[in-house]
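This is what each chain is made of:
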Amino acid sequence: GRWTKNVWNLPFNGVSVAMGGITIEEIVQDEGLRRLADIVMDETISVANADLKARGEDIFGYLGDAEKKEMWNLSDNMGPYKTSTMLDLKNRKPMEVKYLFRKAVDRANHLNVPVPHLETLVMQIEAFQRFHSLY
């Protein structure tokens, strides 16, 4: 459900916006940004599984390598796709920062799951939001 979607949304919307509005193609083709997206994906999966466990979900519903591989297959074939949050940033429209990004970091903190890379991206995105009044 929601967490599966976040395995893609958090790293790719996050890196795209934190880099000032770049495409998915630019992320997947840059060695450093690809690695960053991969780390954020791992962090997202960790908090997702902790959340699912806390909610009493069956272990068969947990996320892992299969979902991660699927997200990379999608991303590697998207070309110069522009994420919705990146388009909002570029067009100086309100970004869905609280619901999409901050909520995941807050849940991770509540569950004591370290997400340092995701949290850094979120702080950068929140700064863009403040600097440009994108609420």
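Colleague: Help me understand unusual backbone geometry, please; the structure alone is not making it clear to me.
Modeller: Leaving glycine aside, a negative phi is the common case for residues, and trans is the common case for peptide bonds. Look at Asn112: it is not a glycine, yet its phi comes out positive at around 60 degrees. Structurally, Asn112 is set in the loop between α6 (97-110) and α7 (116-131). In the Ramachandran plot, Ser133 falls in the positive-phi region, its phi being about 50 degrees despite a non-glycine side chain. Within the secondary structure, Ser133 is located in the segment after α7.

Colleague: Looking at this structure, I do not really get the layout of surface pockets. What am I missing?
Modeller: Here the idea is plain: a probe the size of a water molecule rolls over the atoms and shows the empty space left. As a volume, the largest pocket reaches approximately 240 Å³. Lys5, Asn6, Asn9, Glu96 and Leu100 are the residues nearest the centre of the largest pocket, which is lined by 15 residues in total. Those elements that provide at least two residues to the lining of the largest pocket are α1 (2-18), α5 (84-90) and α6. Sorting elements by how many residues they give to the lining of the largest pocket places α1 first, with six residues. Split into classes, the residues belonging to the lining of the largest pocket amount to five nonpolar, six polar and four charged.

Criteria and cut-off values
Residues numbered from 1 in each chain as written. Predicted model: local features only at pLDDT ≥ 70, side-chain atom pairs only at ≥ 80, totals over all residues. Heavy atoms only, no water. Helix = DSSP H or I, 4+ residues; strand = E, 2+ residues; numbered from the N terminus. 1 Å grid on protein atoms, 1.4 Å probe; cavity = no way out; pocket = protein on both sides within 12 Å on 5 of 7 lines; lining within 4 Å. Points joined across faces, edges and corners; volume = space filled by probe spheres on them. Nonpolar A, V, L, I, M, F, W, Y, C, P; charged D, E, K, R; others polar.

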